[in-house]
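# Summary of the model geometry
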Amino acid sequence: MKDLTKGYPAKVIMLFAIPLMFGNIFQQLYNIADSMIVSTYIGTGALAAVGATAVVSNTLIGFINGLTQGFSILIANSFGAKDMKRMRRYIAGTIILTVCAAVVLTVLGFAFIAPILHALKTPGDIFGDALSYVRIILIGTMFTAIYNMCANTLRAVGDSKRPLYCLIAGVVTNIGLDLLFIRVFHWGIKGAAIATVLSQALTSVLCAAYLVLRFKEIMPTGDEWHLEEGQYHGLITSGLSMGLMGCIVNTGTIILQSAINGLGTDIVAAHTAGRRVFDILMVMVYTEGVAMTTYVSQNMGAGKVERVRRGVRHANLIVTGITTILIIVCYAFGEPVIRWITHTDNSVIIESGVSYIRIGVLFFYVLGPLFVLRCSLQGMGRKVVPVIASVLEMLVKILSAMLLVPAFGYMGVIFTEPISWVVMTIWLTISYLAKSPEKVLEEK
């Protein structure tokens, strides 16, 4: 366990964020490897099928991760306040609510996935593969939920390294199983999905075993499984605010994906490849924001509001420096990486994928502060402001699907997210400056 209420803020935030960063990079590297294996051994159509369903699975995973992150805010706050009994009660509630949520989401996913793919205008030539792939992925919902619950609980008490180790084991397993099931057994796109579910199972078992065996002192026992009055309400409101935030954003993304699907299989493949690279670049600034959730939660629990303000300033400086480096790397290596992933000489796919990442990365100067402010506000317990920001992002994406994409084609898609980032960052900055951490603490 690590106390984030002590030490120089920039150093503490960076050291906590680095394992998060590497974990997310490994996950994105797996996504790239998966795309390469699928496109190389099955074909571009299969790559497009995976890409056409990505927004659905990402929405599901985003909701689960957001839900458990919301739960972990209360765990981190209790840890910062050194109230261990309250913390264990929150962990008990987190376990119960996470399992229930995973069951409900799995049932709903199987019930509505086919109509959703139809609503997304998934091209007919890839619809069958897309449906087969995502149905198998839905089987792994419980494993995804358990891993995210355990990982976010560990991060709440300052351990960001062990979830990384578990994730690395899962990623390596996933790539190995991809090659086995696709190249050796010739199971096609179903093999890729089965490999993903099995690796998720391994990751969840490893992370849960480590939490239970290594951190016995934070695991609930006896009457700690019975939450006190108001604690379930606190968990549900905190969890849903973050879970719905990701869900709201992805609702806009789903609608935007339907517009992308309408541009044809080549553009879907290009967007899938470009997004794989883009997600790795985004991880570099996103993880600073995730680190701020735990940092701010612990320090608010300890009543160190000046340290919260310093941490926000330091984090914004860090993401600005990271963005500058990413722009240089992206413009130098963007095209060869897209060619490497897609395994094609199709100029439409290559040029579209490269344009997507090169234009988008320029707006990371806005995206970085967005992540820092949004996660800091969440860590303070300000649940409504980030949700409103997510609604604004969803509206921009919906308007883009209706207006920009029909008018400008894929270039409209490329500029959609940067426009939404600008709108959200303005809103979050105004909200952060309008209400100090001291005032938030006084109201609790």
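Heads up: these notes are all about the structure in this document. (Residues numbered from 1 in each chain as written. Predicted model: local features only at pLDDT ≥ 70, side-chain atom pairs only at ≥ 80, totals over all residues. Heavy atoms only, no water.)

## Some words on the packing of helix α3 (residues 84-119) against helix α4 (residues 124-139)
Note the cut-off: Between the N-to-C directions of two axes lies an angle of 0 to 180 degrees, each axis being a line fitted to C-alpha atoms and, for a helix, fitted only over the stretch in contact. Each helix is a run of DSSP H or I of at least 4 residues and each strand a run of E of at least 2, with the numbering of both proceeding from the N terminus. Orientation labels follow simple angle bins: below 35 degrees gives roughly parallel, above 145 gives roughly antiparallel, 65 to 115 gives roughly perpendicular, and whatever is left gives oblique. The sense of a crossing depends on the near helix, which, turned anticlockwise from the far helix by less than a right angle, makes the crossing left-handed and, turned clockwise, makes it right-handed. Should any heavy atoms of two residues lie within 4.5 Å, those residues are considered in contact. Nonpolar residues are Ala, Val, Leu, Ile, Met, Phe, Trp, Tyr, Cys and Pro. Charged residues are Asp, Glu, Lys and Arg, and all others, Gly as well, are polar.
At a closest axis distance of 10 Å, the pairing of α3 and α4 adopts a crossing angle of 165°. When the axes of α3 and α4 are compared, the pair comes out roughly antiparallel. Regarding α3 and α4, the two cross each other, and that crossing is right-handed. Contacts from T106, G109, F110, I113, A114, L117 and H118 in α3 reach F127, A130, L131, V134, R135, L138 and I139 in α4. Of the residues belonging to the contact of α3 with α4, the class tally is 10 nonpolar, three polar and one charged.

## Observations concerning the layout of surface pockets
A probe matching the size of a water molecule, rolled over the atoms, marks out where space remains unfilled. Under the convention used in this document: Both site types are read off a 1 Å grid over the protein atoms alone. A 1.4 Å probe that fits but cannot get out defines a cavity, while an open set with protein on both sides within 12 Å along at least five of seven lines defines a pocket; lining residues have an atom within 4 Å of a point. Grid points are joined across faces, edges and corners, and a volume is the space filled by probe spheres set on the points.
By volume, the largest pocket amounts to about 330 Å³. Considering the residues around the largest pocket, the lining is formed by 17 residues, among which V56, T59, L60, G109 and I116 are closest to the centre. Looking at the lining of the largest pocket, the elements with two or more residues in it are α2 (44-80), α3, α4 and α8 (231-261). Here the lining of the largest pocket takes six residues from α3, the largest share from any one element. Residues that form the lining of the largest pocket fall into these classes: 13 nonpolar, four polar and no charged.

## Some remarks on helix α12 (residues 364-380)
Put simply, the test is: What a helix is expected to span follows from its residue count: subtract one and scale by 1.5 Å. Exposure classes here rest on a 1.4 Å probe applied to the protein chains alone. A residue is buried below 20% of its type maximum, exposed above 50%, and partly exposed in between.
End to end, α12 covers 24 Å across 17 residues, agreeing with the expected 24 Å (1.5 Å per residue, within 8%). Burial of α12 is extensive: 15 of the 17 residues sit out of reach of the surface. Looking at the residues trailing α12, positive phi occurs at G381, about 90°.

## Focus: helix α10 (residues 305-342)
Basically, it comes down to this: We define the bend at each residue as the angle formed by axes fitted to the 7 residues ending at it and the 7 residues starting at it.
Taking 1.5 Å per residue, 38 residues should reach 56 Å; α10 reaches only 48 Å between its end C-alpha atoms and comes up short. Considering bend angle alone, the principal kink of α10 is centred on F333 and spans about 55°; proline P336 follows within four residues of it. Positive phi appears at H343, one or two residues downstream of α10, with a value of about 55°.

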